[in-house]
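For reference, the chains in residue letters:
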Amino acid sequence: MRHTPAQASCRSKTGLARPLSFARLRPLNSFVTWMQSTGALAPWCFLGLFIAASFLMIWRLEAMTESGVEGTVLGTLVMPYCSGMGNLIFAFVLGAKGGPGAEVVTNSLVNNVTNMTLLIGLPTIFWGMNLLPGAKAKKQKPNHKENQINRLSLLLTLTAVLFFTGAVWALARKGRLDAGDGLVLVGLFLFWQCFHVFDVLKSNVRKNKSFSWMLPFDLAVLAIGAYAIYLSTDWLVDWLSGIHSGFISAQHLGWLSGWLMVLPNGLLAFYYAWRGKPEVVYTSQVSDGHISIPLCLGIYALYRPMQVPPFFQTGIIILMGAAMVHFLFVAIFGRLPRFMGWVLTAAYVVFLAKGLGN
């Protein structure tokens, strides 16, 4: 019978050091120990914990939208940390344990390319992605000014995708990212977030608005969900690192973790597309990419140098091409046509073939 990650040896084939111990986390120690003791069901238990924490975040995010937080603000400042928390924790875990940096790059590329192609393409095919006021309910009088602000905010975020991705490509031309590169990438992300924080505060002053009194509670619940994601991510990474054969194994750690981390973002995309809130779908998918590129790459590079995988150039080209397509259609037409949903989905298939083929 395979040992649990807490009982595993100090170093696996991927080079991971001894897993983080839960012994000091007394309130959660018995719960985690119970899940570990379920044997073959343990991976499913921790996967369930990951999904449950994601649903918890969706619940509070919906409450925040009902309390008056604008969709673009929610998608730019709050939702990326919720949907991208798994990627952020993945970078921390592998950086702290000495895991392979190429898997962090793979994880980030899988996350961002999936967001910008598949998770916008499929909702576009099913429900359309119309940011124009005419797409709203007939009983509601469209707010053209707010719609224009939302479009400009989304265009700014798409521009940031191009700059951040281009910065990573320029820094990684030597085939690796080191501590100096990581400092630049983290600094870029922090500047971007500071810009949005002050923009929100300025907007609140202009509109004579204030944050809801429920905001501290909402943020506390989101923090609980984030910690649950940390527990599940840490355990699943250790468990997967101990498997050395088959597709579900350590050799595909970056791909498998990338798909797992993008799962809550996929739930958000389909949920808000079904609710008829394309601005939240768009901003959440685009802004979530900023957590992976540049933040996650920058954080790992601060720990130790990281090599880029063979399909790095292909992933960067598809990512920047998708960002440019979104920018042009949103700027000119205010919507993404359904046929472009098929094109984006096809681009994701090309990415899979190129990446997994290597």
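It should be noted that the structure appears before, not after, this text.
The following paragraphs examine the structure supplied in this document. Within any chain, residue numbers begin from 1 and follow the written order of that chain's sequence. Totals for whole chains, interfaces and linings use all residues, but because this is a predicted model, local features are given only for residues with pLDDT of at least 70 and pairs of side-chain atoms are given and counted only at 80 or more. As a convention, hydrogens and water are excluded, and side-chain values are obtained from all of the structure's heavy atoms.

### Re the packing of aromatic side chains
The pairing test for Phe, Tyr and Trp rings, Trp by its six-membered ring, is centres within 6.5 Å, and the orientation test on the planes gives stacked under 30 degrees, edge-to-face over 60, and tilted for anything in between. According to the stated counting rule, one finds 17 aromatic pairs in the structure shown. Ring geometry for Phe-247 against Trp-259: centres 6.3 Å apart, planes inclined by 25°, an arrangement best described as stacked. Highlighted residues: Phe-247 in the loop between helix 8 (215-241) and helix 9 (253-274) and Trp-259 in helix 9, separated in sequence by twelve residues. Looking at Phe-247, the relative accessible area reads 41%, which means it is partly exposed. The buried label applies to any residue whose accessible area, calculated with a 1.4 Å probe on protein chains only, is under 20% of its type's maximum; exposed applies above 50%, and partly exposed to all values in between. Judged by its relative accessible area of 26%, Trp-259 falls in the partly exposed class. Judged by centre distance (6.1 Å) and plane angle (35°), the ring pair of Tyr-348 and Phe-351 falls under tilted. Linking Tyr-348 with Phe-351, this pair stays in helix 12 (residues 338-357), spanning three residues, or about one helical turn. One exposure class covers both Tyr-348 and Phe-351, and it is buried. Taken together, the ring pairs connect Phe-247, Trp-255, Trp-259, Phe-311, Tyr-348 and Phe-351 into an aromatic cluster. Charge-over-ring contacts are defined here by two conditions on Lys NZ or Arg CZ: a distance within 6 Å of the ring centre and an angle within 35 degrees of the ring normal. Residue placement shows Arg-173 over the ring face of Trp-169; its charged tip is 5.8 Å from the ring centre. Numbering of helices and strands starts at the N terminus; helices are DSSP runs of H or I of at least 4 residues and strands are runs of E of at least 2.

### Notes on the packing of helix 9 against helix 10 (residues 278-303)
Put simply, helix 9 and helix 10 touch, their axes get as near as 8 Å, and they point 160° apart. Comparing their axes, helix 10 and helix 9 come out roughly antiparallel. Classified by chirality, the crossing of helix 10 by helix 9 is left-handed. Here Asn-265, Ala-269, Tyr-272 and Ala-273 of helix 9 come into contact with helix 10, specifically with Val-280, Val-281, Ser-284, Gln-285 and Asp-288. In the contact of helix 9 with helix 10, the residues fall into five nonpolar, three polar and one charged. The convention used is that axes are lines fitted to C-alpha atoms, helices contributing only their stretch in contact, and that angles between N-to-C directions extend from 0 to 180 degrees. Should an angle fall under 35 degrees it is called roughly parallel, over 145 degrees roughly antiparallel, and 65 to 115 degrees roughly perpendicular, with every other angle called oblique. Crossing chirality is assigned from the near helix's rotation relative to the far helix, an anticlockwise turn below a right angle marking it left-handed and a clockwise turn marking it right-handed. In this analysis, two residues are considered to be in contact whenever any of their non-hydrogen atoms come within 4.5 Å of each other. Side-chain classes are defined by residue name, with Ala, Val, Leu, Ile, Met, Phe, Trp, Tyr, Cys and Pro counting as nonpolar, Asp, Glu, Lys and Arg as charged, and the others, Gly among them, as polar.

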